[in-house]
Amino acid sequence: MTWRARLTQIGVALAPIGLTLVMTMFILLLAGADPFEAYGNILSGAFESPKKIADIAVAMVPLLLCSAGMLVTFAAGLWNIGVEGQMIAGALMTTWLVESLTAPAGVILPLSVVAGLIGGALWGLLVGLIRTYGGVNEIFAGLGMNFVASALTNYLIFGPWRPPDGATMSGTDPFPPSAWMPLLGTTRASLVSILLSVIALVGVWLVLRGTYWGLKLRAIGRNIRAAQRLGVSTHRNMILAFIVCGALAGLAGSLQTTAVYRRLIPQISGGYGYLSQLVVLLSGLRAEWVPLVVFFFSAVQVGSPRLELRMQLDSSMGGILQAGIVLFFLLVRGFRERWRAPERPKEE
Amino acid sequence: MRGRKLLLVMLAVILLAALPLTACKKAGQGEEFVFGVILVGPYNDHGWSEAHYNAGKYVEQHVPGTRMVYLDKLNPADRKGTTLEQVVDDMVADGAKIIFTTSDDFAADTDVVAAKYPDLPFVHISGDHAKTGKAPKNVANYMGQMEYGKAIAGCAAALKTQTKTIGYLGPLVNDETRRLAASAYLGARYCYSKYRGGDPNELRFIVTWIGFWFNIPGVTLDPTEVANDLFNSGVDVLLSGIDTTEAIVVAGQRADKGEKVWAIPYDYENACDVKPEVCLGTPYFNWGPAYVRYVEAVRNGKFKQEWVWDPPYWKDINDHDKSPVGFKMGPALTDAEKKQVEEYIKDLGSGKAKLFVGPLNLQDGTPYLKAGEEAKPDQIWYLPQLLQGMEGASK
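Nothing here was measured: the structure is a model prediction, and the numbers come from that model. (Residues numbered from 1 in each chain as written. Chains lettered and ligands numbered in written order. Predicted model: local features only at pLDDT ≥ 70, side-chain atom pairs only at ≥ 80, totals over all residues. Heavy atoms only, no water.)

**Q** Help me out: how do you make sense of the sheet that holds strand β6 (residues 165–170) of chain B in this one?
**A** Backbone hydrogen bonds are what pair the strands of a sheet, in a parallel or an antiparallel way. Residues and elements named next belong to chain B. Strand order in the open sheet formed by 5 strands is β9-β8-β6-β7-β15, with parallel pairing between adjacent strands. With partners counted over all chains shown, the strands left at the sheet margins are β9 (262–264) and β15 (390–391), one partner each. Most of the contacts of helix α7 (residues 175–196) go to strand β7 (residues 204–209), to which it runs at about 160 degrees, and overall it touches β6, β7, β8 (237–240) and β15. Its contacts with the sheet put helix α8 (residues 223–232) on β6, β7, β8 and β9, and the angle it makes with β6 is roughly 170 degrees. (Pairing = 2+ DSSP bridges. Helix = DSSP H or I, 4+ residues; strand = E, 2+ residues; numbered from the N terminus. Contact = heavy atoms within 4.5 Å. Axes fitted to C-alpha atoms, helices over the stretch in contact; angles between N-to-C directions.)

**Q** Sorry, what's going on with the nonpolar core here?
**A** Across soluble globular proteins, nonpolar side chains have a tendency to be buried as a group. Residue and element names in this part refer to chain B. Membership of the largest hydrophobic core comes to 106 residues, with the highest contact counts inside it found for Ile98, Trp287, Tyr344, Phe356, Tyr368 and Leu387. The leading source of residues in this core is α7, at 10 residues. If you count residues domain by domain, this core takes at least three from each of domain 1 (31–144 + 288–310) and domain 2 (146–283 + 329–391). Dropping the residues within four chain positions of it, tryptophan 287 is found in contact with Trp48, Ala51, His52, Ala55, Ile125, Tyr142, Met143 and Gly144. (Core = buried A, V, L, I, M, F, W, Y, C linked by side-chain atoms within 4.5 Å. Buried < 20%, exposed > 50% of the residue type's maximum accessible area, 1.4 Å probe, protein only. Domains from an automatic or database assignment.)

**Q** Where do I start with the packing of aromatic side chains in this structure?
**A** Aromatic rings in a pair are described by how distant their centres are and how their planes are angled relative to each other. Residue and element names in this part refer to chain B. This structure, assessed with the given rule, holds 25 aromatic pairs over all chains. Here the aromatic rings of phenylalanine 100 and tyrosine 291 are separated by 4.0 Å at their centres, their planes lie at 5 degrees, and the arrangement is stacked. Of this pair, phenylalanine 100 sits in strand β3 (residues 96–101) while tyrosine 291 is found in helix α10 (residues 288–299), placing the two residues 191 residues apart along the sequence. Side by side, phenylalanine 100 and tyrosine 291 carry an identical accessibility label, which is buried. Centroid distance tryptophan 307 to tryptophan 381: 4.9 Å. Interplanar angle 85 degrees. Geometry classified as edge-to-face. Of the two residues, tryptophan 307 is situated in strand β11 (residues 307–310) and tryptophan 381 in helix α12 (residues 377–381); the sequence distance between them amounts to 74 residues. Among the residues examined, tryptophan 381 registers a relative accessible area of 3% and is labelled buried. The lysine or arginine in question, lysine 150, covers the ring of tyrosine 266, its NZ or CZ lying 3.5 Å from the ring centre. (Phe/Tyr/Trp six-rings, centres within 6.5 Å; stacked < 30°, edge-to-face > 60°. Lys NZ or Arg CZ within 6 Å of the ring centre and 35° of its normal.)

**Q** So what exactly am I meant to see when it comes to the environment of Ser240(B) here?
**A** Residue and element names in this part refer to chain B. As for its placement among the helices and strands, serine 240 is situated in strand β8. Ignoring anything within four residues of it in the chain, the contact list for serine 240 reads Lys150, Leu169, Ala247, Ile264, Pro265 and Tyr266. A polar atom in the side chain of serine 240 sits 3.3 Å from the backbone nitrogen of isoleucine 242. (Polar contact = N/O pair within 3.5 Å; in protein donor to acceptor, adjacent residues only side chain to side chain.)

**Q** I keep staring at the pattern of salt bridges and nothing clicks. Help me out?
**A** Two side chains of opposite charge can pair, provided their charged atoms sit close to one another. Using the criterion set out here, one finds 28 salt bridges over all chains in the structure. With its nearest N and O atoms 2.6 Å apart, the salt bridge here joins Arg188(A) to Asp55(A). One end of the pair, Arg188(A), is in the loop between α6 (138–158) and α7 (191–210); the other, Asp55(A), is in helix α3 (residues 50–75), and 133 residues separate them in sequence. Grouping residues by exposure puts Arg188(A) and Asp55(A) together as buried. One salt bridge in this structure joins Arg188(A) and Glu85(B), with 3.4 Å as the shortest N-O distance. Residue Arg188(A) is located in the loop between α6 and α7, and its partner Glu85(B) is located in helix α3 (residues 84–93); the two belong to separate chains. Residue classification places Glu85(B) among the partly exposed positions, given a relative accessible area of 22%. Several salt bridges share partner residues, and in doing so they unite Asp55(A), Arg188(A), Glu85(B), Asp89(B) and Lys116(B) into one network. (Salt bridge = Lys/Arg side-chain N within 4 Å of Asp/Glu carboxyl O.)

**Q** What exactly am I supposed to notice about the domain arrangement of chain B here?
**A** By convention, interface size is frequently given as the accessible area that disappears when the constituent parts associate. Residue and element names in this part refer to chain B. Domain boundaries assigned for chain B yield domain 1 (31–144 + 288–310) and domain 2 (146–283 + 329–391). Its C-alpha centre places domain 1 at a distance of 29 Å from the equivalent point of domain 2. Each partner contributes residues to the interface: domain 1 has 17 residues there, and domain 2 has 15 residues. Area buried by domain 1 at its contact with domain 2 is led by His46, Trp48 and Trp309, which between them contribute 36% of it. Linking lysine 131 and aspartate 378 is a salt bridge whose minimum nitrogen-to-oxygen distance equals 2.5 Å. Here domain 1 is connected to domain 2 by 6 residue pairs in polar contact (both at pLDDT 80 or more). (Buried area = accessible area lost by both parts, 1.4 Å probe.)

**Q** Where do I start with the packing of helix α4 (residues 83–100) of chain A against helix α5 (residues 105–132) of chain A in this structure?
**A** In a pair of packed helices, the angle between the axes and the distance between the axes together describe the arrangement. All names here are of chain A. Taken N-terminus to C-terminus, the directions of α4 and α5 make an angle of 140 degrees; their axes are 7 Å apart at the nearest point. Classified by the angle between their axes, α4 and α5 sit oblique to one another. Both α4 and α5 take part in a crossing whose hand is right-handed. Of the residues in α5, those in contact with Gly85, Gln86, Ala89, Gly90, Met93, Thr94, Leu97 and Val98 of α4 are Ile108, Leu111, Ser112, Ala115, Gly116, Ile118, Gly119, Gly120, Leu122, Trp123, Gly124 and Val127. (Parallel < 35°, antiparallel > 145°, perpendicular 65-115°, else oblique. Left-handed = near helix turned anticlockwise from the far one by under 90°.)

**Q** Would you take a moment to explain the side chain of Asp90(B) for this structure?
**A** Along the polypeptide, Asp90(B) turns up in helix α3. Taking the relative accessible area as the measure of exposure, Asp90(B) reaches 5% and is therefore buried. Side chain to side chain, Asp90(B) and Lys52(A) meet in a polar contact 2.6 Å long. Contacts of Asp90(B), omitting those with residues within four sequence positions, involve Lys52(A), Pro305(A), Arg306(A) and Leu309(A).

**Q** What is the right way to read the sheet that holds strand β4 (residues 122–125) of chain B from this model?
**A** Residue and element names in this part refer to chain B. One open sheet accounts for 6 strands, arranged β2-β1-β3-β4-β5-β11; its pairing is parallel. Two strands close off the open sheet at either side, each with one partner strand: β2 (66–71) and β11. Pairwise comparison of adjacent strand axes, ignoring direction, gives a mean angle of 20 degrees for this sheet. Contacting β1 (33–38), β2 and β4, helix α2 (residues 48–62) crosses the sheet at an angle of about 160 degrees to β2.

This is how it looks when you write it as structure tokens:
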């Protein structure tokens, strides 16, 4: 590789960050704020104490799980935008279990994890069936199922599962302590959640990389007709991909109820499903880069409420930072490909 | 794919490199007293949350050396993934010495977080866990006696109605919303008979609950539709019990088409500005003086657990330094009507006019107060049903 190509690469890598910083700086100056103070506040809000770092871990868990699931569906060439709904379905199934079963923690916590997996898997299965046998594009099917899941949550919170004092936006009554995932010390992080998310991501990485099923999925993703001709059962494997992705997302939803909120709240999925699409996109569909991107997104999320507390700035600045990076990353990549195209037309 | 790797490495490097930037904060704060205010809606919502935000500003102006830290829109729709606990942690890190949690919805969370910070005083607005013993010792509850504000609103409605039918756009059904709707009803009956010489039993009072404090599509009834339905069924004065402005907006639209209809908004002093020509007035909260009392109590080491249900300052319910609730007259009242409302306010203050006084039955006919009997505070706070004569669900 020539020094020139290397420079180009560094430039391409840095450009999105630089552009995002310039853009947000401009916005902050317009808002009459000191950009460096703002960046400093985000960083201190995210890293100043071990507790804050634990908060980052809390935010990372659902993103890791959903991203791990998305890697599976992306491998099969499927855009499973339904993770959001699959996450909710896992949370609903877990809440249903907790509401209907009284048992010691040693029984109910493992069952809650299973319930989450099942709930999400069912929701994923539905999207898969609609996609394969209904012939509906998975994006529409997924969005539709997301809508159904969140409407169902609202119905349950304002209906059958509402607290005796009356329904509130803060959700159901807290779960009994037997259904609380134990937390690490005085932090909000749960070791079980962290381990499960790590296991999920490593597992997906291994499966996609080193198993026959992973190979089949990638074959479907590359060229569905060719895969079919080679005797790969495309429908079955696509549905299976949806189920696996759904199960992981459902686990994320389940852990949000037992380890984070300790009850069901409206919008339990918190947009993590949608955010995970960006994570996977930014990671270039590669499991090994997912943790770093997830870490970045989570740190910005944990750090940005500080903007409002300290500087009276709207904390959506954090969202603008995240979105800016994604946007400029795609733009820079797009421009580079365009600019390169005439030079090396035969490469792809 | 090296480009992508580089990108991520750079991200990490930048994050780490910028860390030391943050170390040099926190100097030169002096003897500042920091207090935290947590809002459920936007700080500029022209309603409930704005009234609390203004109270924080009021403290900064009236108690030297104080500074508010606040976070608004703390609800699952606007701020996914942020919990009350995280916000309090941040406020404590900023030096907050007292936290105001200003929504009915924060009741359970306030208890949990207060147990985690046993030395930090909390004031939870509108709850009763300090009274029932559910809350830890460092939680106080505060609420203004909006019952009077609603009674005055009901009075204004009764003076104006031509169809003898008053509507009430209710949020969800609980103790608080039942007693407020009932107060409006009682005020309406009183003024209808006293100032218009009518039989209060010929007055209709229809309550429709939308299901929550504001519109959630797919979950609550749509307040705009409910408002229109109420007007279609003969209501010509609509009182709002919800956080948002649909009642006065719909009344304004219908007035523009030539109908003779009016509205009474809620919570925020200047809510009439939405459509002054149909506005009979606004019962509103004025939290500033109470905030000042709590901040000063903490400063002097005198904060204690209490449950306060604060009456209006009757000498002048619109005195911003003294009265927790007020009523701002609307431009749609005639001068004569304004005088009558003023007289009613005066009589409520002197005790000449009483609000919850028998004979009164609950909606299903169960006796509530014997003739001449006055309700004890708990009987009002925990009003179990609407009152007989009111139309609408009690549960």
